[in-house]
Amino acid sequence: MARKHSTKKLVSAREQSIDALFSTESFALDYYQREYVWEEPQVARLMNDLSRKFLDQWSDEHSLADVKSYDPYFLGPYIICTADGRTSLVDGQQRIITLLLLLIYLHRQAAATPKASSRAGRLLTLIMSERFGRRTFRVDVDEYGACFNALLNDRGFDVVNARPSIRRISQSYQYIDIHYPAQVRGDVLVMFIDWLLYRVSLVVMDAGDRDRAEEMFQSINDCGVRLSPMDHLKRFLLSDAEADPREQEGAWTTMVSALEDLEKGAAFAYLRTVFRARFPEAAHKPGPSLNDATHEWVRAHQAEIWPNRKNGDRVRLITEVLYPFHTTYATLLQARSRINPDLRAVRYNTFNGIAEQFDLTFAALRSSDSETERVQKAGLVANFLDLFYVTQTLGDEPVEQRHIDELVSAVMPAVRLSESVQELSRTLGEHAADWPVRLQLIPDMRYDTQRRFVHYVLTRLTAWVEMGATNGEADPTDRFLLRRDRDRDFEIEHLFTSTASKYAHKAPDARYYGFLRNRIGALLLLDGPENGSYGGVLLEKKLASYRKDTLLAGMINPDFFQRGNVRLRKFLTGEGLYGMIATYDASTALEPFIEARGRFYCEIARKIWSLDALGLAPPPAPGPLAPGKRTRYGVRFQDLVEAGLVSVGDRLVGRRRGQLYYARVRPEGSIETASGVANAPTKAMEDAVGVASNGWAFWEVEGTKQRLDTIRQRYLEQVAR
């Protein structure tokens with residue numbers, strides 16, 4: 001019997017912009033699709049890739065029309081099919097749901113930004129579709145709808161009792177907020193939105209019917225028949241093996257499998273880390289992108305990687321560098337998600353949104369290092385980045401991934417010359433020597449302006465006290481930092497209720513009371529369920545409950561140390577902190593208590609983030625700095641004022657897109673704009689313009705026409721002499 005001829009069409013493929021992708025009807029998910037599984041590393045990588053591609057092209061002098069000529073960015077393919085009259089996503093739902101969350105985030109940002117409000121309506125039409133009178137989100141899954149709706153309208157949502165996939169969707173929205181760069185706000189927001197919608201694309205592959213869709217899904221996800229970029233790179237590196245390459249191929253396969261088992265995409269991330277660390281000059285040259293086309297980048301930069309290449313050099317990159325060091329990278333990956341006692345700061349940096357933090361570590365590693373020495377070097381680098389994050393944020397300076405990258409580029413040459421653990425400690429210590437001075441700003445921290453950072457600092461302070469009281473036996477940091485599946489997270493607790501009238505006898509001015517209650521000295525970190533139970537209770541009535549919570553909370557009780565806690569008292573006495581503890585009862589004056597508590601927190605911070613505590617060797621005496629070692633990251637605007645290079649009362653002027661912005665230097669060395677007072681030029685620019693960029697390059701002294709970055713360089717030259 002003759003076989004019937006198939007009438008099925010070939011699989012079709014076409015490129016689509018983000019705008020076109022979300023202008024179609026809503027997508028359904030088929031039964032063989034896994035649930036949404038992306039977590040912070042995947043969301044962070046997507047956000048960093050998009051923002052880096054955009055910001056590398058953006059200039060303050062560009063107009064919206066210039067965005068049309070920006071380089072595009074490709075996000076890969078996705079597969080659809082048609083079933084029961086609906087378009088279903090077959091493969092690619094992780095990216096598309098995350099992109100939908102990004103559009104929701106941008107919609108809310110645009111609605112709150114006057115110059116971008118015109119884009120809010122367009123974004124809403126992409127987020128939702130309407131068909132036969134029914135409005136649905138572009139990813140139309142009933143159980144996801146309530147979560148999407150809550151995020152879109154900034155409403156509460158019961159994450160605690162939701163399914164794991166829905167909790168991950170809610171968390172991914174928070175990760176977008178964490179990793180969204182400050183430079184892409186304000187006026188720049190419209191440009192980023194247009195670039196994302198019209199210059200970022202995917203390829204849609206239409207499988208036709210459900211049977212072929214399932215077949216394609218299984219082929220792509222199970223069979224592994226495609227020759228991947230990783231395969232191309234492996235073949236290239238093994239191509240000059242002098243003997244049978246199968247032994248080296250086994251090492252490569254073991255390395256890739258070990259890393260991919262920990263995290264999807266980890267093998268390529270590891271290779272890019274090593275290449276940036278070992279060949280930083282080539283990493284920044286034009287040509288194929290190291291991030292987007294790693295195997296092509298290696299081929300294009302052979303001359304820099306192997307300047308005097310001999311047979312076998314390529315394969316030795318595998319046997320002498322990539323394979324030996326991959327176990328260290330695996331250890332670092334694991335330390336990102338849970339506390340490793342030897343690599344605590346890796347976890348902290350991940351929490352603070354530093355997605356790429358290992359370049360300096362792999363620049364410092366040597367093949368002769370023991371595994372212990374490798375971990376010690378990694379710990380020093382992680383501590384160095386943690387200190388940078390904390391002190392930069394205290395100084396109101398930007399500290400997103402691109403600023404981390406700038407720091408890494410600046411210190412990389414010296415790190416590459418640091419052979420031993422001790423040399424690396426000295427190199428990083430000299431570079432960071434003047435950063436800890438900013439810890440004196442701890443008492444000025446405020447919850448209403450730095451919520452996430454305040455949460456992090458309180459986590460570290462609270463955990464330090466808990467560990468000190470147990471001689472390090474119990475480390476609660478992960479418990480404070482981790483986003484838990486079922487319970488509420490640890491949260492910021494205001495010691496004083498938001499109802500100002502309850503404390504009118506101590507702080508008659510309601511606005512000033514609001515200012516005081518948001519200072520860090522009036523805040524604690526408490527377990528979420530406990531925090532939620534206090535409501536508007538007066539502090540003196542909460543003290544008994546605080547005894548059962550953290551030690552930092554309990555010691556507010558005047559008689560806390562009269563009822564035991566001997567080990568804690570001994571620990572604080574040994575650290576010279578016992579006499580600084582501020583206690584509270586109904587007769588305690590409000591403002592002095594908050595100030596004393598702030599000073600207590602500041603001293604704990606100095607214990608945590610001192611160079612000695614971090615293992616970073618301080619520069620040699622005399623003086624706080626070794627000659628010539630001060631860096632621009634440690635220079636405060638106040639330093640320029642104290643050195644007489646900028647005068648109190650000087651008017652600063654900045655120009656952006658033809659508009660002038662003005663500021664004035666205040667007596668204490670801060671900068672006053674029409675929108676407020678800032679300690680740093682970048683924060684002053686953000687206050688004045690609404691955009692966070694390099695404030696040192698933005699402001700100039702009106703009288704001398706000198707930019708602040710030029711004056712800063714003069715200051716550094718004076719210090720070096």
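What you see is a predicted model; the values in this text were computed from it and never measured. (Residues numbered from 1 in each chain as written. Predicted model: local features only at pLDDT ≥ 70, side-chain atom pairs only at ≥ 80, totals over all residues. Heavy atoms only, no water.)

Peer 1: Please provide a residue-by-residue account of the overall build of the protein, values included.
Peer 2: Scanning the protein for helices and strands turns up 33 helices and 15 strands. A compact globule built from 721 residues should have a C-alpha radius of gyration of about 27 Å, and the protein, at 28 Å, falls within 12% of that. A principal-axis box enclosing the C-alpha atoms of the protein has dimensions of 100 × 70 × 60 Å. The buried share of the protein, reckoned over its 721 residues, is 54%. At a minimum sequence separation of 6, the contacts of the protein that also span at least 24 residues come to 70%. For the protein, the accessible surface area stands at approximately 31,900 Å², while carbon and sulfur atoms represent 49% of it. (Helix = DSSP H or I, 4+ residues; strand = E, 2+ residues; numbered from the N terminus. Rg over C-alpha atoms; globule rule 2.2 N^0.38 Å. Buried < 20%, exposed > 50% of the residue type's maximum accessible area, 1.4 Å probe, protein only. Contact = heavy atoms within 4.5 Å. Areas by Shrake-Rupley, 256 points an atom, 1.4 Å probe, with all protein chains shown as cover.)

Peer 1: Help me get a handle on the pairing of strand 3 (residues 73-83), residues and values and all.
Peer 2: Most of strand 3 sits inside the fold, with eight of its eleven residues counted as buried. Pairing geometry for strand 3 and strand 7 (residues 200-206), over six bridges, is parallel. Across the sheet, the residue bridging to tyrosine 78 is valine 204, located in strand 7. Between strand 3 and the antiparallel strand that follows it, strand 4 (residues 86-91), lie two residues; aspartate 84 among them carries a positive phi value of about 55°. (Pairing = 2+ DSSP bridges.)

Peer 1: Describe the confidence of the model for the protein, naming the residues involved and giving the relevant values.
Peer 2: Of the residues in the protein, 90% have a pLDDT of 70 or more, and the chain-wide mean is 86. Segment residues 622-629: pLDDT under 50, and twelve contacts once partners within four positions in sequence are set aside and those in other chains are kept. (pLDDT = per-residue confidence, 0-100.)

Peer 1: For unusual backbone geometry, give the residues involved together with the corresponding values.
Peer 2: Of note in this structure, aspartate 396 is not a glycine but carries a positive phi near 60°. By secondary structure assignment, the location of aspartate 396 is in the loop between helix 18 (371-394) and helix 19 (401-416). Residue class for aspartate 396 comes out partly exposed when judged on its relative accessible area of 23%. For lysine 705, which is not glycine, the phi dihedral falls at a positive 65°.

Peer 1: Could you give an account of the sheet that holds strand 7, naming the residues involved and the relevant values?
Peer 2: The five strands are arranged 1-7-3-4-2 in an open sheet whose pairing can be described as mixed. The open sheet has two edge strands, strand 1 (12-17) and strand 2 (27-29), and neither has a second partner. Shown here is a sheet whose adjacent strand axes are inclined to one another by a mean of 40°, direction ignored. Relative to strand 4, strand 2 is paired through three bridges, and the arrangement is parallel. From the neighbouring strand, phenylalanine 27 faces strand 4, where its bridge partner is threonine 87. Strand contacts of helix 7 (residues 188-199): strand 1, strand 3 and strand 7, with the helix running at about 25° to strand 7, the strand carrying the most contacts. (Axes fitted to C-alpha atoms, helices over the stretch in contact; angles between N-to-C directions.)

Peer 1: Give me the lowdown on the packing of aromatic side chains, citing residues and values where you can.
Peer 2: Going through the model one piece at a time under the given rule, you end up with 37 aromatic pairs. Relative to tyrosine 180, the ring of tyrosine 105 has its centre 5.2 Å away and its plane inclined at 55°; by these criteria the two rings are tilted. Placement of the pair is tyrosine 105 in helix 3 (residues 93-111) and tyrosine 180 in the loop between helix 6 (164-179) and helix 7, with a sequence separation of 75 residues. Judged by relative accessible area, tyrosine 105 falls into the buried class, the value being 2%. The buried category is assigned to tyrosine 180, whose relative accessible area is 3%. Three or more aromatic residues joined by ring pairs make a cluster, and in this case those are Phe54, Tyr70, Tyr105, Tyr173, Tyr180, Phe192 and Trp195. Stacked on the ring of phenylalanine 351, the Lys or Arg arginine 452 has its end atom at 4.1 Å from the ring centre. Between arginine 712 and the ring centre of tryptophan 696, over which it is positioned, the NZ or CZ distance is 4.4 Å. (Phe/Tyr/Trp six-rings, centres within 6.5 Å; stacked < 30°, edge-to-face > 60°. Lys NZ or Arg CZ within 6 Å of the ring centre and 35° of its normal.)

Peer 1: Could you give an account of the packing of helix 3 against helix 4 (residues 117-127), with specific residues and numbers?
Peer 2: Two elements in contact, helix 3 and helix 4, have axes whose closest approach is 8 Å; the angle formed by their N-to-C orientations is 155°. Of the possible angle classes, the one that applies to helix 3 and helix 4 is roughly antiparallel. Classified by chirality, the crossing of helix 4 by helix 3 is left-handed. The segment helix 3 lies against helix 4, with Leu100, Leu103, Ile104, Leu106, His107, Ala110 and Ala111 engaging Ser117, Ala120, Leu123, Leu124, Leu126 and Ile127. (Parallel < 35°, antiparallel > 145°, perpendicular 65-115°, else oblique. Left-handed = near helix turned anticlockwise from the far one by under 90°.)

Peer 1: Please set out the sheet that holds strand 10 (residues 651-656) residue by residue, giving values where relevant.
Peer 2: Read from one edge of the open sheet, six strands run 13-12-11-10-14-15, paired in antiparallel fashion. Because the sheet does not close on itself, it has two edges, and the strands there are strand 13 (676-678) and strand 15 (706-707). With two bridges joining them, strand 10 and strand 14 (residues 700-701) adopt antiparallel strand pairing. Opposite valine 653, over in strand 14, you have glutamate 700 as the bridge partner. Of the strands in this sheet, strand 10, strand 11 (659-665), strand 12 (671-673) and strand 13 are in contact with helix 31 (residues 681-689), which crosses strand 12 at around 5°.

Peer 1: Just give me the short version of helix 19, but keep the residues and values in it.
Peer 2: With 16 residues, helix 19 ought to run about 22 Å at 1.5 Å a step, and its terminal C-alpha atoms sit 21 Å apart, in line with that. At alanine 410, helix 19 shows its largest bend, some 40°, and a proline, proline 413, comes one to four positions later. Three or more residues of helix 19 are buried, namely Gln401, His403, Ile404, Leu407, Val408, Val411, Met412 and Val415. Where helix 19 is buried, its residues contact helix 2 (40-55), helix 11 (266-278), helix 12 (280-283), helix 17 (359-364), helix 18 and helix 20 (421-431). (Expected span 1.5 Å × (residues − 1). Bend = angle between axes of the 7 residues up to and from the residue.)

Peer 1: Please provide a residue-by-residue account of the pattern of salt bridges, values included.
Peer 2: Throughout the structure, instances matching the rule amount to 34 salt bridges. The partner of aspartate 386 in a salt bridge is arginine 460, with the nearest N and O atoms 3.0 Å apart. Taken together, the residues span a long stretch of sequence, with aspartate 386 in helix 18 and arginine 460 in helix 21 (residues 451-469) at a distance of 74 residues. With respect to class, aspartate 386 is no different from arginine 460; both count as buried. Of the charged contacts, one joins aspartate 559 and arginine 547 as a salt bridge, the two residues approaching to 2.2 Å between their closest N and O atoms. (Salt bridge = Lys/Arg side-chain N within 4 Å of Asp/Glu carboxyl O.)

Peer 1: An account of the environment of glycine 579 is needed here, citing residue identities and associated values.
Peer 2: With respect to the helices and strands, glycine 579 occurs in the loop between helix 27 (566-574) and helix 28 (590-608). The exposure class of glycine 579 is exposed, given its relative accessible area of 78%. Taking the C-alpha atoms as reference points, glycine 579 and phenylalanine 600, 21 residues apart in sequence, are found 9.4 Å from one another.

Peer 1: Summarise the side chain of serine 170; cite the residues concerned and give the values.
Peer 2: Assignment of secondary structure puts serine 170 in helix 6. Leave out the neighbours within four places in its chain, and serine 170 touches Cys147 and Val159.

Peer 1: I'd like a description of the side chain of serine 51, backed by residues and values.
Peer 2: With respect to the helices, strands and loops of the structure, serine 51 is situated in helix 2. Within the structure, the side chain of serine 51 is placed 2.8 Å from the backbone oxygen of methionine 47, a separation counted as a polar contact. (Polar contact = N/O pair within 3.5 Å; in protein donor to acceptor, adjacent residues only side chain to side chain.)

Peer 1: How would you sum up the environment of lysine 234? Please name residues and give values.
Peer 2: Within the element layout of this structure, lysine 234 appears in helix 9 (residues 229-238). For lysine 234, a relative accessible area of 14% corresponds to the buried category. A sequence separation of 87 residues divides lysine 234 from valine 321, and the C-alpha atoms of the two residues are 14 Å apart. Setting aside anything within four residues of it in sequence, one finds lysine 234 in contact with Glu249 and Trp252. Within polar-contact distance, the side chain of lysine 234 engages the side chain of glutamate 249 at 3.1 Å.

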